[in-house]
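# Examination of the molecular architecture
Residues per chain, in single letters:
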Amino acid sequence: LAEALAEDAEALAALHDRELTAETIAVLREVGFPANLGQLPKGEQAQQTWRMMAAALPLEADPAELDRLAVDYAAIYLTGAYGASPCESVWLDDDHLACQGPMFEMRKLYAEAGLAAADWRKRPDDHLVLQLLYLAHVLRRAEAPDDLRRLATMMDEHLLRWLPDFAERVSARCEQPFFAVLAGLTFLWCEQLRDLLAERLGEP
């Protein structure tokens, strides 16, 4: 189960990591994304989001469609045009500034796990992609309840404090459905993971 969840987190991170290509879209359709995820949707809202994600995959990855998707990607992850930063600091800092306290807190968590951001100037430590990859890393290596407890604490103190707002903003402002639904799917997947950790640990 931990391996399947780690692969889920890596798959979601990859989709937030870069622009969609025709090859990526073909692979997603081939594997039946998101039905191929190890964590199945729980509840009507999650099930509806999973269905919407499948429907949001372009049928034809023609150049015009890829260009439209690239505009959304750039507005979210590169230019900030949608006001939906993929970095935690922007959401939690009083002045909505990047590279603030959450970035350094995440850096410390990464260091404790033997990890480090490749280049914090290009992608700060509190970026969504890196937080998802951290989930995958810990899930894959968890050997004791304390490992899962640390992961749950990270989600409570970092990822789940800002991800709902990010998902809502992206959903409201995207021109194309793919990234709008992906943001919501990512939040619901993370929320279900947190519920699963609570269940496994026997703690609220």
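As shown above, the structure is provided for reference.
In what follows, the accompanying structure is described. All figures in this text were calculated on a predicted structure; none of them were measured in a lab. (Residues numbered from 1 in each chain as written. Predicted model: local features only at pLDDT ≥ 70, side-chain atom pairs only at ≥ 80, totals over all residues. Heavy atoms only, no water.)

## Regarding helix α9 (residues 177-201)
The first and last C-alpha atoms of α9 sit 36 Å apart over 25 residues, in line with the 36 Å expected at 1.5 Å per residue. In terms of burial, α9 is a largely internal element, 20 of the 25 residues being buried. Once α9 ends, the next one or two residues include G202, with phi positive near 70 degrees. (Helix = DSSP H or I, 4+ residues; strand = E, 2+ residues; numbered from the N terminus. Expected span 1.5 Å × (residues − 1). Buried < 20%, exposed > 50% of the residue type's maximum accessible area, 1.4 Å probe, protein only.)

## Quick notes on the nonpolar core
Counting 63 residues, the largest nonpolar core has L135, F166, F178 and W189 as its most contacted members. Considering every element that reaches this core, the biggest residue donor is α9, with 14 residues. Other than its neighbours up to four places away in sequence, F166 contacts H16, I76, Y77, A84, S85, P86, W91, L128 and A183. (Core = buried A, V, L, I, M, F, W, Y, C linked by side-chain atoms within 4.5 Å. Contact = heavy atoms within 4.5 Å.)

## Here's the deal with the environment of A26
Relative to the helices and strands, A26 resides in helix α2 (residues 22-31). A C-alpha to C-alpha distance of 14 Å links A26 and F178, two positions 152 residues apart in sequence.

## Here we look at the environment of F33
Secondary-structure assignment places F33 in the loop between α2 and α3 (44-56). Excluding anything up to four places from it in sequence, F33 contacts L12, L15, L28, M53, A54, L57 and L185.

## Regarding the packing of aromatic side chains
Aromatic rings considered in pairs are described by the distance between their centres and by the relative angle of their planes. For the structure shown, the criterion picks out 6 aromatic pairs. Relative to F179, the ring of Y77 lies with its centre 6.1 Å away and its plane at 65 degrees, an arrangement referred to as edge-to-face. With a gap of 102 residues between them, Y77 in helix α4 (residues 63-78) and F179 in helix α9 connect regions that are remote in the sequence. Residue Y77 is classed as buried on the basis of its relative accessible area of 12%. Taking relative accessible area as the criterion, F179 reaches 1% and is therefore assigned buried. Between Y110 and Y134, the aromatic rings sit 5.6 Å apart at their centres with planes inclined by 50 degrees, giving tilted as the arrangement. Highlighted residues: Y110 in helix α6 (residues 101-112) and Y134 in helix α7 (residues 128-141), separated in sequence by 24 residues. Judged by its relative accessible area of 3%, Y110 falls in the buried class. Ring pairing ties together the aromatic residues Y73, Y77, F178 and F179, which thus form one cluster. (Phe/Tyr/Trp six-rings, centres within 6.5 Å; stacked < 30°, edge-to-face > 60°.)

## Here we look at the environment of G32
The residue G32 is located in the loop between α2 and α3 in this model. Each C-alpha atom, one on G32 and one on L188, is 18 Å from the other, the two residues being 156 residues apart in sequence.

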